[in-house]
Every structure is written in C-alpha cells, then in structure tokens.
Amino acid sequence: MADFAKKSEVTIETMGKVHNPTGAGVRAVSSGVQRKAASVAAADDELATHVKEGTAKRNITRKKTDPAVGGNYDSKSKKMGGAGKGKWDPMDGADSEHLELDKDDPLYDEEAADNKYNLTTAEDAIPADGKDPTLMDGITDRKVYGPMLTLAEFKLQVAEAVKEYFDASDADEVLRGIIELKCREFHPEVVKKAISLSLDKGPREREIISKLLTHLHPTPLADSDMEAGFELLLDSLDDLCIDCPDAKSMVGSFLARAVVDEVLPPAFLSNRNNSHPGDEVVEKAVGLLSREHCTARLEHVWGPGDGRPVSELKDVMDQLLEEYLLSRELDEAARCVREMGSSHYHHELLKRGVKIAMEKDGKDHKDDAATSALDAMAALFSFLVKNSIVSEYQVAKGISRLHKLIPDIKLDVPAAEAMLSEFEEMAKEGGCLPAST
C-alpha cells in the first residue's frame, strides 16, 4: 500500500484570522500560488532588455512611455530636425511685417506698393498702355482689368435684361445695366443675344430690338462691337434655324434695318459678301436696301404689328380687306392677318371688313351670293376661325360693335341692319359664332 504524505493540519495560522474587526480579510490566493507568480515575474525580468540611463534609446523610450513626460508620444512637439532651429512659428508675427520697397528697384510696382493689385479674368485683358482699368472694385479696393463676369454669366445677365425689355420697353434701363456689368470685351454678345431672342417673338419685339440697337450705339456698343456682334449672329445661323426656320430671312431684315439706322456701315455687307460668297442672308439684306424708297420701307420692315399707332394699323387693315375683295384669296389674306400680330385687335378687323362689304354691295341689298362682298367676308372669317387665327370671341365682339354703329351706317347703307343679320347667320353656319349667339 502506497505511503501518502499527510496533509498539513488546517489551523488558525494557515486560514488567517477568523474574526477581523480591522477590515483585513482572508488572502485571495494561497501562498503556493503567490510563489509561482513570483517565479514567473523573475524569469520575465531576466529576458527584458536593460537600457542604460542617459542613452538616446532611453530618451526615446521615456518620450513614448514615461507618464511623467506626458504619456504617449505627441508629434506636435517634434522639432523637425536641427533642434527646432529655423522652424516657422505662425504666432510670432514675422509674416506680418511690411517691407518697404525701394523705388529704385527695377521690380518696383507702384500699384503693389499701395497694396492694390492688378487682377485679370481673361487673357490679354490688360491694355497696352496699362492705364485703362475697368473699374475700382469696391469690395477689395483694387483696380480690376478685364471683364467682371465670365462669358456665361454675362450672357445670363443680358438675356434677363432683354426679356425684361420685351415687357417694359425701357431702353435706358438696358443701357444702364450693360454699363454696370463692366464687361466691355463681351459687348458683341449683346447684339447676338438680343436678336436671337426676338426671332421667336412677334413683330413688336423685333421692332423694339431694332430700336434698342440704335439706342445702344455708339455708347456703350461701338462700331466694332456691332460688327463683331452681327458676325457672331451670322456664324450661328445654322443653330438658330433649327428652332426658327425663318431665321435667315429675319436676320437679313435686321441687317438691312441696321444699315438704314446707321448702326452698321454699308461696307460691312460688302466685306461679308467677299469673305462668304453666296451668303443668302447678306443677299436678302442687299436686296431690301436696293428697293425704291428703301429707307421708308425698312422703317416698317416688321409689319403693322410692330407697335405703331392704331391709326396706321387701321390703314393696313383697310388695304388688306380691299385686296381680299378683289382677289378672293383666302390663304394670302390669312397670311397678312397673321403677320399683323394684333390678335387683341381682330374685332376691329371684322368691324371694318363687314362695313366695307356693305358699302361694296351698294345701298340696296343684293342677293347674288356669287358676287356678294358680304358673303366673301363671311367666308374669310370662317376660314380665319377654323385655322385658329381669329378667335370666336373677337368675332362676337366685332359684331356687337357693329350693332351699336348701325344708326350711323344706315345713313350710307339703308339696308345695313338686314345685311348685318344675314352676316350673323352666315357666321354661325360657318362656325365663326356659337349657335346660341
């Protein structure tokens, strides 16, 4: 039978004090475990690298790990080599010192000496003499050479000004706006943008754009700006024709009108024709200028709807209606009505048309529909309403005005009342008026 070692007897000394009024409790580990831990620590200490005090490695170790120096290593305290000599300190104020420039220095610049620098936003923007700045920038208090805006920004500003001009017709406001933009290098774009925006508008807008160009010449748009602007416009006609098929014809009219208004010199057309032979736009402009009484005709090149007085518009209506009663061509009459661009005044067209038809048929009412001017007039307005050129409201308003004028018309045409009633019936049958009217 194996001889086993007798375990040590458990006594008060081995367990610690049972009663512990001072607060010291029984040991958490036994004495055997403590001896093993001490032996492991001694072995680790033998394997550790001992650094000699005062060496460079000892200093590095202290920087990184010594809590007394500041804990972990901080890169902000790095001296960048040379024990920190020559290191720039942004807080020492060395960069704020003002160095006086010597006037005898070949690199001396009077503007730089006054802390007013020459700024440029475009190539070759500084004039040759260097004495023509665009303006003084009020924010930076510095002279600025060249345009204040980029080309894209300038185009947006001009487009907004032209659209506002279409509504207000204030040419002085457009002139002030262009001057305030301070972009003389981009002034040719004003001509191109203004005309291109008016191409898809009516005769009134094209007429006031022609007047605007006259108002802007020669200040702020000089002769060179006008010529360069029309060059840009002519070069971009292919793109404009995509949105406006009649762009070439209208630009030709703009060219001829500009020559008559003395905005463009006549030599511009000959020079353009030499550089671009066979240009149909230039040929149209030359053709308009070659007509008899071209100056008087080109003053009204945009037709009667160009914002002229009402008296002139009435004369154009009378001529249109007289020509229609002679030719009875509906398509030609409809084209002329559309070109007038006075949709708000079509009731006057009907009133004058019916009145002329009554006078044509004579004092006695004629029943021959083949030759009746009244029947032809009813056919004209039926055609205009069906093609959405004249509205039913304008027809009804024109007939209402005729009823009020019947007493005066009877003095020349006794059968006027009966003829007006017959015209109303024909208008209803032709779809000019609602059946309930």
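These figures come from a predicted structure and were not determined experimentally.

## Side note on the overall build of the protein
In step 1: Within the protein, the secondary structure is distributed over 20 helices and 3 strands.
In step 2: For the protein, the proportion of its 437 residues judged to be buried stands at 32%.
In step 3: In the protein, once contacts between residues fewer than 6 apart in sequence are set aside, the share between residues at least 24 apart is 69%.

## A short note on the side chain of Ser210
In step 1: Secondary-structure assignment places Ser210 in helix 8 (residues 203–216).
In step 2: Among the residues examined, Ser210 registers a relative accessible area of 4% and is labelled buried.

## Regarding the nonpolar core
In step 1: In this structure, Ile195, Leu199, Ile209, Phe230, Leu255 and Leu264 are the most contacted members of the largest nonpolar core, which totals 48 residues.
In step 2: Top contributing element to this core by residue count: helix 11 (residues 247–260), with 8 residues.
In step 3: Those residues within four positions of Ile209 in sequence are excluded, and the remaining contacts are Val162, Tyr165, Phe166, Ala194, Ile195, Ser198 and Phe254.
In step 4: By size, the runner-up hydrophobic cluster in this structure holds 43 residues, among which are Leu313, Leu321, Met358 and Ile406.

## Details of helix 5 (residues 151–168)
In step 1: A rise of 1.5 Å per residue sets the reference length of helix 5, with its 18 residues, at 26 Å; its end C-alpha atoms lie 26 Å apart and thus fit the reference within 8%.
In step 2: Among all positions in helix 5, only Phe154, Val158, Ala159, Val162, Tyr165 and Phe166 are buried. All buried residues of helix 5 fall inside an arc of 135° around its axis, so they share one side. Residues of helix 5 that are exposed and point more than 90 degrees away from the buried face comprise Ala152, Leu156, Glu160, Glu164, Asp167 and Ala168.
In step 3: Elements that come into contact with the buried residues of helix 5 comprise helix 6 (171–181), helix 7 (188–198) and helix 8.

## Notes on the state of the cysteines
Here, the word disulfide means a covalent bond between the sulfur atoms of two cysteines.
In step 1: Counted according to the given criterion, the structure contains 0 disulfides.
In step 2: Cysteine Cys241 is unpaired, with the sulfur of Cys244 as its nearest cysteine sulfur at 7.5 Å.

## Considerations on the pattern of salt bridges
In step 1: Counted by the stated rule, this structure contains 17 salt bridges.
In step 2: Among the salt bridges present, the one from Glu332 reaches Arg335, with a minimum N-O distance of 2.5 Å. Taken together, the residues Glu332 and Arg335, both in helix 16 (residues 330–340) and 3 residues apart, mark about one turn of the helix.
In step 3: Since its relative accessible area comes to 34%, Arg335 is described here as partly exposed.
In step 4: Put simply, Glu348 and Arg401 hold a salt bridge, and the shortest N to O gap is 2.8 Å. Taken together, the positions of Glu348 in helix 17 (residues 346–361) and Arg401 in helix 19 (residues 392–409) put the pair 53 residues apart, joining distant regions of the chain.
In step 5: Residue class for Arg401 comes out partly exposed when judged on its relative accessible area of 27%.
In step 6: Residues joined by salt bridges that share partners form a network here, namely Asp318, Glu348, Lys351, Arg352 and Arg401.

## Considerations on the packing of helix 5 against helix 6
Relative orientation and spacing of two packed helices are given, respectively, by the angle between their axes and the distance between those axes.
In step 1: The interhelical angle for the contact between helix 5 and helix 6, taken along N-to-C directions, is 170°, at an axis separation of 9 Å. Accordingly, the angle class assigned to the pair helix 5 and helix 6 is roughly antiparallel. Note on element contacts: helix 6 touches helix 5 through Ala171, Val174 and Leu181, opposite Phe154, Gln157, Val158, Ala161 and Tyr165.
In step 2: Grouping the constituent residues of the contact of helix 5 with helix 6 by class yields 7 nonpolar, 1 polar and no charged.

## Here we look at a negative patch on the surface
In step 1: Together, Glu160, Glu164, Asp167, Asp170 and Asp172 make up a negatively charged patch on the protein surface.
In step 2: With 3 residues, helix 5 is the single largest residue contributor to the negative patch.
In step 3: Mapping Glu164 onto the fold places it in helix 5.

## Notes on the packing of aromatic side chains
In step 1: One pass over the full model with this rule turns up 3 aromatic pairs.
In step 2: A ring pair is formed by Phe154 and Phe186, whose centres lie 5.8 Å apart and whose planes are at 50°; its orientation type is tilted. Note that Phe154 is positioned in helix 5 and Phe186 in the loop between helix 6 and helix 7, a separation of 32 residues in sequence. Take Phe154 and Phe186: they sit in the same class, and that class is buried.
In step 3: Here the aromatic rings of Phe254 and Trp302 are separated by 4.7 Å at their centres, their planes lie at 50°, and the arrangement is tilted. Placement of Phe254 in helix 11 and of Trp302 in the loop between helix 14 (294–298) and helix 15 (310–327) is noted, with a sequence separation of 48 residues between them.
In step 4: Given the relative accessible area of 1%, Phe254 is considered buried.

## Focus: helix 16
In step 1: Among all positions in helix 16, only Ala333, Ala334, Val337 and Met340 are buried. For helix 16, the buried positions fall inside an angular range of 115° around the axis, keeping them on one side. The exposed set on the far side of helix 16, more than 90 degrees from its buried face, consists of Asp331 and Arg338.
In step 2: Buried positions along helix 16 lie against helix 15, helix 17 and helix 18 (373–386).
In step 3: After helix 16 finishes, the residue Gly341 shows a positive phi value of roughly 60°.

How each quantity is defined
Residues numbered from 1 in each chain as written. Predicted model: local features only at pLDDT ≥ 70, side-chain atom pairs only at ≥ 80, totals over all residues. Heavy atoms only, no water. Helix = DSSP H or I, 4+ residues; strand = E, 2+ residues; numbered from the N terminus. Buried < 20%, exposed > 50% of the residue type's maximum accessible area, 1.4 Å probe, protein only. Contact = heavy atoms within 4.5 Å. Core = buried A, V, L, I, M, F, W, Y, C linked by side-chain atoms within 4.5 Å. Expected span 1.5 Å × (residues − 1). Arc of directions from axis to C-beta. Disulfide = S-S within 2.5 Å. Salt bridge = Lys/Arg side-chain N within 4 Å of Asp/Glu carboxyl O. Axes fitted to C-alpha atoms, helices over the stretch in contact; angles between N-to-C directions. Parallel < 35°, antiparallel > 145°, perpendicular 65-115°, else oblique. Nonpolar A, V, L, I, M, F, W, Y, C, P; charged D, E, K, R; others polar. Patch = residues over 30% accessible without salt bridge, like charges linked within 9 Å, V, L, I, M, F, W, Y side chains within 5 Å. Areas by Shrake-Rupley, 256 points an atom, 1.4 Å probe, with all protein chains shown as cover. Lys, Arg positive; Asp, Glu negative; His and termini not counted. Charge placed at Lys NZ, Arg CZ, Asp CG, Glu CD. Phe/Tyr/Trp six-rings, centres within 6.5 Å; stacked < 30°, edge-to-face > 60°.

No statement about biological role is implied by the geometric values presented.
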